[in-house]
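Structural overview for review
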Amino acid sequence: MTNYLGSKISLLLAILLPMLMSCNSSSARGQETGANLTDSIAAADSAAAAPDSVDLLFAGDAMQHSSQSKAALRSNGTYDYSTCFTLVEPYIQSADYAVVNLECPLGGRPYTGYPCFSAPDEYAWQLKKSGFDLLLTANNHCLDRRDAGLRRTIKMLDSMKIPHVGTYVDAAARSSQLPLIADIKGFKVAFLDYTYGTNGIKIQGNVVVDYIDKPKMEADIKAARAAGAQVVCVNMHWGIEYKLSPNSDQTSLAQWLVDHGADLVIGGHPHVLEPFKMVHSTATGRDALVVYSMGNFISGQKPVDTRVGAMVRVTLKREAGGKAVAVSHPRYKLFYCQHPAGRGTNFTLIPEDQPGKVRSSDRANFERAINRAHTLVMANNHDVDQDR
C-alpha cells in the first residue's frame, strides 16, 4: 500500500510541478503567447488540411409539373422523389459544392404545375438529400403564388436549412444576406442570382426579386470582392425558351459580366441545352466559364430536347501564393429524363453512360435525345470537355 501511494504521489508531483513553475513565471504576455501558440497551431492545422483545389457542380432547371407531383404522390398523402435522382446522386455528391435552380415556389396546397407552379415541400428536401448545397430562386416562376408564395418558399427553405439566393422577404433581408459567400474547404466563393422577369407578375408588397440590372449586378460583384470572395459566380435566368443557341443579348451580357469580374456565369431558363465556353476578358486579364444553358435538371416536359440535360463541373485551383484562385478543367455530364411507365413508377434521371438503365421501350428516345445534344449543341462548346 505504501509503495502504491508513493508511486501515485510521485506521478502527481510530476504532473503538477511543471504547471506550478509555469504559473510562477507567467505574465500577461506569457499567457498571450500561449493563446497565440494555440491559434498558430490551429491555423497551421487548417492550412495543412485545406486542399489545393475544389470542385463545384451546377445543374439546370428543377421543374415540378403536375405529372411529376402526381407520380410522386403516395397512398398516405406524402410525396416521394427519392428514386428520381438515385442514379445521378453519386456524381452530385462527389463534388465539394453543388447548385441547382429551384424553378417552382413552395407555395403550399393545392400543388399545381404549368403555368403557375407550386411544389410539395418534399421536393426541395429531396434536392438537399441528393446532394445540392445551394438552391437558386430568382426565375420567371418565383412569383407564381405571388408575394405569399415567395415568402413561404423562403420560410420553408430556411426551416430545412437549405441555403438559397435570388429572392428575399424584404430589402433588409437582402442587405443582410448578400453577398452570399460560401466557404468551400477554404475557398471563398460568392453566389449571385438574377432573372430576366417573372412572367408579368408584379410584386405587390415588399418582397425582393433580383432582376437583371447592370448597375445592381456591378455593385453586387464589387461588394462580393470587397467581402473577400476569391471567386464570383453569377447565375443568370435568361435567353429564349427551346432555342439551342444563345442570342446576342446573352452573349453580350455574358461578356459584360466577365469584364466586370465574374469568374463563372451560369445560365438557365431555355429548358434545352445551349453551348458552354471559356471567355477571356481583356479588362481583367482572366478567363471565365460561361454556361448559357444546362437545360432541364428534371421536368415533365415531353419534347426530345427538353429531356436531356447537363451537369457542369469546374475545378477551382489555388494560384501562386494561395490567395488568387483560377477556374480550371470545366467539363460536363449528360443525362436523360425518363418518364414514368405506369402506376408506381416515377421520373428518373439516367446518366448517358448508363444506357442499360433505360427501358427498352424508351431506348430510341434516349439515343435520339443524347445524339441531338452532342451534335447540335455540345459540338459548339469551346474548351469544355465531356466528363467521362
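Residues numbered from 1 in each chain as written. Predicted model: local features only at pLDDT ≥ 70, side-chain atom pairs only at ≥ 80, totals over all residues. Heavy atoms only, no water.

**What about the overall build of the protein chain?**
Within the protein chain, the regular secondary structure consists of 10 helices and 17 strands. The burial tally for the protein chain puts 50% of its 388 residues in the buried class. Nonlocal contacts in the protein chain, meaning residues at least 24 apart in sequence, comprise 73% of its contacts between residues at least 6 apart. Accessible surface, the protein chain as shown: approximately 17,800 Å² in total, 55% of it carbon and sulfur. (Helix = DSSP H or I, 4+ residues; strand = E, 2+ residues; numbered from the N terminus. Buried < 20%, exposed > 50% of the residue type's maximum accessible area, 1.4 Å probe, protein only. Contact = heavy atoms within 4.5 Å. Areas by Shrake-Rupley, 256 points an atom, 1.4 Å probe, with all protein chains shown as cover.)

**Comments concerning unusual backbone geometry**
In this structure, the amide linkage connecting Tyr114 to the following residue, Pro115, adopts the cis form with an omega of 10°. Note that Pro115 resides in the loop between β2 (97-102) and α5 (121-129). Across the junction of Leu178 and Pro179, the peptide omega takes the value 0°, indicating a cis bond. Within the element layout of this structure, Pro179 appears in the loop between α7 (171-177) and β6 (180-184). We note that Arg146 has phi near 60°; this positive angle belongs to a residue other than glycine. By the element assignment, Arg146 lies in helix α6 (residues 146-159).

**Observations concerning the packing of aromatic side chains**
Within this structure, the stated rule accounts for 10 aromatic pairs. Between the aromatic rings of Tyr97 and Phe191, the centroid separation amounts to 5.3 Å while the plane-to-plane angle is 20°, which identifies the pairing as stacked. With Tyr97 in strand β2 and Phe191 in strand β7 (residues 187-195), this residue pair connects regions lying 94 residues apart in the sequence. In this structure Tyr97 comes out as buried when scored by relative accessible area, which is 11%. When the ring of Trp238 is compared with that of Tyr292, the centres are 5.9 Å apart and the planes differ by 25°; the resulting orientation is stacked. With Trp238 in the loop between β9 (231-237) and α9 (248-259) and Tyr292 in strand β12 (residues 287-294), this residue pair connects regions lying 54 residues apart in the sequence. A single burial state applies to Trp238 and to Tyr292, both of which are buried. An aromatic cluster is built from Phe85, Phe132, Phe297 and Phe335, whose rings are joined through pairwise contacts. Sitting over the face of the ring of Phe187, Arg318 holds its NZ or CZ atom 4.0 Å from the ring centroid. Directly above the ring of Tyr91 sits Lys333, whose terminal nitrogen or CZ lies 5.1 Å from the centroid. (Phe/Tyr/Trp six-rings, centres within 6.5 Å; stacked < 30°, edge-to-face > 60°. Lys NZ or Arg CZ within 6 Å of the ring centre and 35° of its normal.)

**A closer look at empty space enclosed by the protein**
Overall, the coordinates contain three cavities of 30 Å³ or more when judged by the stated rule. Taken as a whole, the largest cavity spans an internal volume of roughly 110 Å³. Along its surface, the largest cavity is lined by 17 residues, and Asn101, Leu136, Ile266, Gly267 and Gly268 are the ones closest to its centre. The leading source of residues in the lining of the largest cavity is strand β1 (residues 53-62), at four residues. (1 Å grid on protein atoms, 1.4 Å probe; cavity = no way out; pocket = protein on both sides within 12 Å on 5 of 7 lines; lining within 4 Å. Points joined across faces, edges and corners; volume = space filled by probe spheres on them.)

**Here's the deal with the layout of surface pockets**
Volume-wise, the largest pocket comes out at about 330 Å³. Lining the largest pocket are Ser67, Lys70, Ala71, Leu73, Arg74, Pro340, Gly342, Arg343, Gly344, Thr345 and Phe347. For the lining of the largest pocket, the residue count by class is four nonpolar, four polar and three charged. As a volume, the second largest pocket reaches approximately 180 Å³. Among the residues forming the lining of the second largest pocket, the class breakdown is six nonpolar, seven polar and one charged. (Nonpolar A, V, L, I, M, F, W, Y, C, P; charged D, E, K, R; others polar.)

**A look at the packing of helix α8 (residues 214-226) against α9**
Between α8 and α9, whose axes approach to 10 Å, the crossing angle comes to 30°. Judged on the interaxial angle alone, α9 and α8 are roughly parallel. Considering the relative orientation of α8 and α9, their crossing is right-handed. In contact with Lys214, Met217, Glu218 and Ile221 of α8, α9 contributes Leu253, Trp256 and Leu257. A breakdown of the residues in the contact of α8 with α9 according to their chemical character gives five nonpolar, no polar and two charged. (Axes fitted to C-alpha atoms, helices over the stretch in contact; angles between N-to-C directions. Parallel < 35°, antiparallel > 145°, perpendicular 65-115°, else oblique. Left-handed = near helix turned anticlockwise from the far one by under 90°.)

**Re the sheet that holds strand β11 (residues 273-280)**
Across the sheet, six strands lie side by side as β6-β7-β9-β10-β12-β11; this open sheet has mixed pairing. In this open sheet, the two edge strands, each paired with only one partner strand, are β6 and β11. Between one strand axis and the next, the sheet turns through 20° on average, direction left out of account. Pairing of β11 with β12 involves seven bridges; the strand directions are antiparallel. (Pairing = 2+ DSSP bridges.)

**Description of the pairing of strand β10 (residues 264-268)**
With five of five residues buried, β10 lies mostly within the body of the structure. Judged by which residues are buried, β10 turns out to be covered on both faces: Leu264, Ile266 and Gly268 on one side and Val265 and Gly267 on the other are all buried. As judged from the five bridges shared by β9 and β10, these two strands associate in the parallel manner. When the bridges of β10 are listed, His237 appears paired with Gly268. As for the winding sense of the linkage, the β-α-β connection from β9 through α9 to β10 is right-handed. Strand direction decides the pairing type here: β10 and β12, joined by three bridges, are parallel. Along β12, the bridge assignment pairs Ile266 with Val291. (Right-handed = clockwise from strand over helix to strand, strands pointing away.)

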